[in-house]
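Listed here are the chains, written in short residue letters.
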Amino acid sequence: MGSPKPMFDKFREECGVFGIFGHPEASKLAYLGLYALQHRGQESAGIAASDGVQIRVSKEMGHVNDVFNDEVIAKLPGRMAIGHVRYSTAGESRLANAQPLLVDSVHGQFALCHNGNLVNGGDVRDALVRAGAIFQSTSDTEVVVHLFARSQAESAESAVIEAISQVRGAFSFVAMTKDRLIGARDPHGFRPLAIGKLGDAYVICSETCAMDLIGATYVRDVEPGEVVVVTAHELKSIKPFAPAKASQCIFEHVYFSRPDSYVFGESVNEIRTEFGRRLARESGVPADVIVPIPDSGVCAAIGFSEASGIPMRMGLIRNHYIGRTFIQPQQSIRHFAVKVKLNPVKSILEGRRVVLVDDSIVRGTTSRKIVRMVRSAGAKEVHMRISCPPTISPCFYGVDTPRKSELIAATHTLEEIRKYLDADSVAYLSLDGLTGAVPEGRTRYCTSCYTGVYPVAFPRDEAAYLQLALKLNGDASGPSQPVGLTELETDPVAS
Ligand code: SF4
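In short, a report on the structure. Just so you know, these numbers come straight off a predicted model, no measurement behind them. (Residues numbered from 1 in each chain as written. Predicted model: local features only at pLDDT ≥ 70, side-chain atom pairs only at ≥ 80, totals over all residues. Heavy atoms only, no water.)

**Overview of the overall build of the chain**
Line of reasoning, step 1. The number of helices and strands found in the chain is 21 helices and 25 strands.
Line of reasoning, step 2. The proportion of buried residues among the 495 residues of the chain is 59%.
Line of reasoning, step 3. Put simply, 71% of the contacts in the chain that link residues at least 6 apart link residues at least 24 apart.
Line of reasoning, step 4. Within the structure as shown, the chain displays about 19500 Å² of accessible surface, and the carbon and sulfur contribution to it stands at 50%. (Helix = DSSP H or I, 4+ residues; strand = E, 2+ residues; numbered from the N terminus. Buried < 20%, exposed > 50% of the residue type's maximum accessible area, 1.4 Å probe, protein only. Contact = heavy atoms within 4.5 Å. Areas by Shrake-Rupley, 256 points an atom, 1.4 Å probe, with all protein chains shown as cover.)

**Quick notes on the packing of aromatic side chains**
Line of reasoning, step 1. In total, this model carries 13 aromatic pairs according to the counting rule given.
Line of reasoning, step 2. With a centroid separation of 5.7 Å and 80° between ring planes, the pair formed by Phe-264 and Tyr-445 is classed as edge-to-face. Of the two residues, Phe-264 sits in the loop between strand E16 (262-263) and strand E17 (266-267) while Tyr-445 sits in strand E25 (residues 445-446), which places them 181 residues apart along the sequence. Each member of the pair, Phe-264 as well as Tyr-445, is classed as buried.
Line of reasoning, step 3. Three or more aromatic residues joined by ring pairs make a cluster, and in this case those are Phe-190, Phe-396, Tyr-397 and Tyr-454.
Line of reasoning, step 4. Between Arg-125 and the ring centre of Phe-135, over which it is positioned, the NZ or CZ distance is 4.2 Å.
Line of reasoning, step 5. Positioned above the aromatic ring of Tyr-202, the side-chain terminus of Lys-197 is 4.4 Å from the ring centre. (Phe/Tyr/Trp six-rings, centres within 6.5 Å; stacked < 30°, edge-to-face > 60°. Lys NZ or Arg CZ within 6 Å of the ring centre and 35° of its normal.)

**Some points on unusual backbone geometry**
Line of reasoning, step 1. Residue Pro-100 is reached from Gln-99 by a cis peptide bond, and omega for that bond is 10°.
Line of reasoning, step 2. Mapping Pro-100 onto the fold places it in the loop between strand E5 (80-86) and strand E6 (101-105).
Line of reasoning, step 3. The step from Pro-294 to Asp-295 runs through a cis peptide bond, and the omega angle for that step is -5°.
Line of reasoning, step 4. Structurally, Asp-295 can be placed in the loop between strand E18 (289-292) and helix H10 (298-308).
Line of reasoning, step 5. The phi angle at Phe-264 is positive, at roughly 55°, despite the residue not being glycine.

**Re the pairing of strand E4 (residues 55-61)**
Line of reasoning, step 1. Summarising the sheet, strand E3 (residues 44-50) and E4 pair through seven bridges and their orientation is antiparallel. Its bridge partner being in E4, Ala-45 is matched across the sheet by Glu-60.
Line of reasoning, step 2. Hairpin connection from E3 to E4: four residues lie between these consecutive antiparallel strands, with Gly-52 at a positive phi of about 95°. (Pairing = 2+ DSSP bridges.)

**Description of the sheet that holds strand E21 (residues 353-358)**
Across a sheet, paired strands are connected by hydrogen bonds in the backbone, their directions being either parallel or antiparallel.
Line of reasoning, step 1. Pairing within the open sheet is parallel, and its four strands lie in the order E18-E21-E22-E24. Because the sheet does not close on itself, it has two edges, and the strands there are E18 and strand E24 (425-428). The sheet shows a mean angle of 20° between the axes of neighbouring strands, direction not considered.
Line of reasoning, step 2. H10 rests against E18, E21 and strand E22 (381-386) of the sheet, and its axis sits at about 165° to E18. (Axes fitted to C-alpha atoms, helices over the stretch in contact; angles between N-to-C directions.)

**Description of the site of the ligand**
Line of reasoning, step 1. Around the ligand sit Arg-191, Cys-249, Ile-250, Phe-251, Cys-395, Tyr-397, Val-399, Cys-446, Ser-448 and Cys-449, and those are all the residues in its vicinity.
Line of reasoning, step 2. According to the grid-proximity analysis, the pocket containing the ligand is the largest cavity.
Line of reasoning, step 3. Tallied by class, the residues present in the shell around the ligand amount to eight nonpolar, one polar and one charged. (Near = heavy atom within 4 Å. 1 Å grid on protein atoms, 1.4 Å probe; cavity = no way out; pocket = protein on both sides within 12 Å on 5 of 7 lines; lining within 4 Å. Sits in = over half its atoms within 2 Å of the grid points. Nonpolar A, V, L, I, M, F, W, Y, C, P; charged D, E, K, R; others polar.)

**Here's the deal with helix H6 (residues 156-164)**
One full turn of an α-helix is made of 3.6 residues, so residues set three or four places apart face in the same direction.
Line of reasoning, step 1. In terms of burial, H6 is a largely internal element, seven of the nine residues being buried.
Line of reasoning, step 2. Within the sequence span of H6, burial applies to Ala-156, Glu-157, Ala-159, Val-160, Ile-161, Ala-163 and Ile-164.
Line of reasoning, step 3. Looking at the buried residues of H6, the elements they touch are strand E7 (108-118), helix H5 (142-150), strand E8 (169-177), strand E9 (180-185), strand E13 (227-230) and strand E14 (235-238).

**Topic: empty space enclosed by the protein**
Line of reasoning, step 1. For the structure shown, the criterion picks out five cavities of 30 Å³ or more.
Line of reasoning, step 2. Of the voids in this model, the largest cavity is the one considered here, and its volume is about 90 Å³.
Line of reasoning, step 3. Around the largest cavity, the lining comprises 13 residues; the ones closest to its centre are Cys-249, Phe-251, Cys-395, Cys-446 and Cys-449.
Line of reasoning, step 4. For the lining of the largest cavity, the secondary-structure elements that each account for two or more residues are helix H8 (251-256) and helix H18 (448-451).
Line of reasoning, step 5. When grouped by side-chain class, the residues that make up the lining of the largest cavity number eleven nonpolar, one polar and one charged. (Points joined across faces, edges and corners; volume = space filled by probe spheres on them.)

In structure tokens form, the structure reads like this:
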């Protein structure tokens, strides 16, 4: 099965994680939790469950609904379970890389799920291989499993802490031994991880929307640098790392997380709407109608409409039922590639000055098609407004991004982007506007994809190992070369 392409030209979140302790239907609730987290990864899904004696795992390529059914869940008994949905960044997409990873070791069975990307994963892996370790996957998560298995610590819990203390970068882990659930977040807190309760059961997961579906209540986040260990008797908090500068991923608020989630303790919906209000105040334009690009632009468009006083209408309708492939007509249909996903509503657009609002632009290819489609539907003017700053640099912390030379804002001026999109005007939210919308935004958030300044350095050879350096330079040999508009035009559309 090939990996599904994203709906639009967007960054892609790598993974979602879910864990539950102390519930008789643990694996079924993990399945539901993963179902709610499906937007965080669509290539593979897996669940490991423990009945107190044995951990069993089931994982496959595909969506949660395709991978699990009653029969599969019935083979995962026990009161504790962890689960994972994955889209790959480091490591290619194949079943060996699907999670949870489960191993037998001197400390007993251990299962691990990871959201994030380790910046020293390659170095640690090379050292382990030289020492005789045999790896089964290309995923950087497997190095943690090896470090756990080789630990001389006296308890499994101490072995976990020793293992994760040796890796750097972005990680939100849920893990388990046969009798305890462990959640851990890297000292910078790049990726989210929240704790909830369902009766006496504990839940640890990427986003609170997974708690909502199973009726659990959000309690608090796992703090950056915190390890929580849940047993039958208690939830224990351990702080094994030296404090570090908080660097929570602000793109979680811009695009990745579901708007019905609380992420980093904040309502994604409220933050995203505030991005829109600020965008309107910074770069309002005389217009007749605000139109969101669904679904990602809706919250910001509501905020933009509120602050500008211009009504918002759904001038583009999204088709939610697009399969992996569709039969294309032999005769060309104008705007077909984008029209199959979005249809313009002529009665809203015709003769109007339209402000299109979206959360982000990556390559610009899809945005250009949408602008042209809106013009074809009769819009008098089309103004593009983006509710985050220009995306100029790739992510190394667990998000799939194209190489820098493909990011339109990294290689073009605002006026060049406007021309390329065929818009009457283009404006982005400023960095101050973005960070001002979240509490302690300047000090608690990572904004590297907007600034090119990275809070956790990655060794050059490490980046090459992960093939992520290619994303900085276009090729491994030379500096970034700006690409021209013509090249961008011929880029394959991230469809
Ligand atoms: S670089 Fe961007 S996408 Fe990556 S963690 Fe930082 S803010 Fe998030």
